[in-house]
Amino acid sequence: MFGLGTQELLIILVIVLVIFGAGKLPQIGEGLGKAIKNFKKAANEAENAVDITPEEPNKQVEAKGDEQKDA
């Protein structure tokens, strides 16, 4: 993971623990979890919203083509 070993991760964890304190770590974890969840939800919604498949315009074009053939 990002080229970090066990020792580097432990050092980072100790620094975060010293800066924020043990009481704030659960709140920080909860905030990060919610942020990641919201990001994934927004990414999925954006992916589903981008549906550019034309369905109705093709039916209208076919109907106009049929009218011209009948005339």
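Residues numbered from 1 in each chain as written. Predicted model: local features only at pLDDT ≥ 70, side-chain atom pairs only at ≥ 80, totals over all residues. Heavy atoms only, no water.

## Observations concerning the overall build of the protein
Scanning the protein for helices and strands turns up three helices and zero strands. N-terminal to C-terminal, the α/β element order of the protein is α-α-α. By residue count, 0% of the 71 residues in the protein fall in the buried class. Accessible surface computed for the protein: about 6800 Å², of which carbon and sulfur atoms make up 62%. (Helix = DSSP H or I, 4+ residues; strand = E, 2+ residues; numbered from the N terminus. Buried < 20%, exposed > 50% of the residue type's maximum accessible area, 1.4 Å probe, protein only. Areas by Shrake-Rupley, 256 points an atom, 1.4 Å probe, with all protein chains shown as cover.)

## What about the pattern of salt bridges?
Across all of its chains, the model carries one salt bridge by this definition. The salt bridge involving Lys34 is made with Glu30; its shortest N-O contact spans 3.4 Å. You can see Lys34 and its partner Glu30 sitting in helix H2 (residues 25-49), four residues apart, about one turn around the helix. According to the relative accessible area criterion, Glu30 is partly exposed, its value standing at 46%. (Salt bridge = Lys/Arg side-chain N within 4 Å of Asp/Glu carboxyl O.)

## Considering a nonpolar patch on the surface
There is a patch of nonpolar side chains on the surface, built from Ile11, Ile15, Ile19, Phe20, Ile28 and Leu32 and spanning about 590 Å² of accessible area. Elements with a contribution of two residues or more to the nonpolar patch: helix H1 (6-20) and H2. Considering the arrangement of structural elements, one finds Ile11 in helix H1. Take Ile11: its relative accessible area is 52%, and that puts it in the exposed class. (Patch = residues over 30% accessible without salt bridge, like charges linked within 9 Å, V, L, I, M, F, W, Y side chains within 5 Å.)

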